[in-house]
Amino acid sequence: MKIGLTTTVPLEPIFAGNHVPKDLNNIFITSTDPEKYVVNAEIDGFPYNTCSWIKGLYSVAIKEKMDAVIGVVRGDCSNTESLLDFLDFKNVKVIPFSYPYDKNVSKLEDEINNLMQTLKSDKYELKRIIDQVDEARKLAWEIDYLTVKDKVTGLENHYYLVNTSDFLGNVKNYVNSAKEFLSIAKNREKIDYTLRLGYIGVPPIFTDLYNFLSENGAHVVFNEVQRQFSMPFPESDWIEKYIKYTYPYTVKDRISDIKNEIKKRKIEGIIHYVQSFCHRQILDYVIKDSIDIPVLTIEGNRPGPLDERTKIRIESFIDMLL
Ligand code: SF4
């Protein structure tokens, strides 16, 4: 079955059930006309003042005829419950998944076992899949390491890390593409830049943000949430990784990860991306107040290039840091 994902979920049960995971976010934002997906959702009844990502996910699930959609109803987005209700109303099979608020391992194991039953995952196949996914994640971590070492751009880092949410639906293809990329990246000149920036928050709905930053001399050496999608916890077993994964849990977990990486990666400033109509905007103040390097918050609504006002704010932020 072709299984749509609203965000990162444990992938191993999906592959072990011989299904193909498809991250709806990635299909939406890399399409030639993402705005059309947003408009189609509005035509179908979604309000204007709802997050564009949610509208995009809905339209992609319908247009791409997903056999089922796994939606994270605790630990991602407060809109996902209504999105699943809407998809169910449209006769799309929906599978809810929850990350436990208290990070209780046995509760998470119950959730994963339910997922395995629903997807008819093969327990014997699971072991092989765990190893295969691990190998792919190691390559993503290497790409992330080379970003810190100035060999990989922020955009390339974003691409390879954000795609660990579904490994492009085929782990082998991801592994081949990452290996090929690494062999090129290792042997090229270092990136020329004047400033090291970090990017935090949900992935941007702007289509040209990374290029704009690099044109202005900023090298993005940290993509917070995208890196989390790659489960960068080599010492943990496959279930524990989904407990250490910061995104579904408290902002405290995220802040502690961000602070560590600021130090390790020698980051001079942070771009905090927030999405219009997203509940996560509430935490912008908490994040800014907790981080002791300059943070610029930028907000996007509909998919497309950066608007002039946001460009000027980014340029002023970079000038201030130089
Ligand atoms: S940006 Fe916020 S509101 Fe939109 S889908 Fe993501 S978590 Fe939900």
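Residues numbered from 1 in each chain as written. Predicted model: local features only at pLDDT ≥ 70, side-chain atom pairs only at ≥ 80, totals over all residues.

## Quick notes on the packing of helix 7 (residues 123-148) against helix 8 (residues 154-162)
It is at 9 Å that the axes of helix 7 and helix 8 come closest, and there the two elements cross at 165°. With respect to their mutual orientation, helix 7 and helix 8 come out roughly antiparallel. Crossing of helix 7 over helix 8 shows left-handed handedness. On helix 8, the residues that touch Ala140, Ile143, Asp144 and Thr147 of helix 7 are Asn157, Tyr160 and Leu161. Partitioning the contact of helix 7 with helix 8 into residue classes produces four nonpolar, two polar and one charged. (Axes fitted to C-alpha atoms, helices over the stretch in contact; angles between N-to-C directions. Helix = DSSP H or I, 4+ residues; strand = E, 2+ residues; numbered from the N terminus. Parallel < 35°, antiparallel > 145°, perpendicular 65-115°, else oblique. Left-handed = near helix turned anticlockwise from the far one by under 90°. Contact = placed C-beta atoms within 7 Å. Nonpolar A, V, L, I, M, F, W, Y, C, P; charged D, E, K, R; others polar.)

## Observations regarding helix 13 (residues 251-265)
It helps to recall that an α-helix has 3.6 residues per turn; residues three or four apart then point in one direction. The end-to-end C-alpha distance of helix 13 is 21 Å, a good match for the 21 Å that 15 residues give at a rise of 1.5 Å each. Every buried residue belonging to helix 13 is among Arg254, Asp257, Ile258, Glu261 and Ile262, and all of these are buried. Projected onto a plane normal to the axis of helix 13, the buried residues spread over an arc of 140° and lie on a single side. Projecting away from the buried face of helix 13 at angles above 90 degrees are the exposed residues Lys252, Asn260, Lys263 and Lys264. Within two residues after helix 13, Lys266 carries a phi angle of roughly 55°, on the positive side. (Expected span 1.5 Å × (residues − 1). Buried ≥ 20, exposed ≤ 12 C-beta atoms within 10 Å, placed from the backbone. Arc of directions from axis to C-beta.)

## Examining the site of the ligand
Every residue close to the ligand is listed here: Cys51, Trp53, Ile54, Asp76, Cys77, Asn79, Val202, Gln275, Cys278 and Arg280. Along the lines of polarity and charge, the residues of the shell around the ligand split into six nonpolar, two polar and two charged. Residues lining the shell around the ligand come from more than one domain, with at least three contributed by each of domain 1 (2-123) and domain 2 (155-321). (Near = placed C-beta within 6 Å. Domains from an automatic or database assignment.)

## With respect to unusual backbone geometry
The phi dihedral of Asn18 falls on the positive side, at around 65°, and the residue is not glycine. Tracing the chain through its elements places Asn18 in the loop between helix 1 (12-16) and strand 2 (20-23). A positive phi angle is found at Phe167, which is not glycine, with a value near 45°. The residue Phe167 is located in the loop between helix 8 and helix 9 (171-186) in this model. The buried category is assigned to Phe167, around which 23 C-beta atoms lie within 10 Å.

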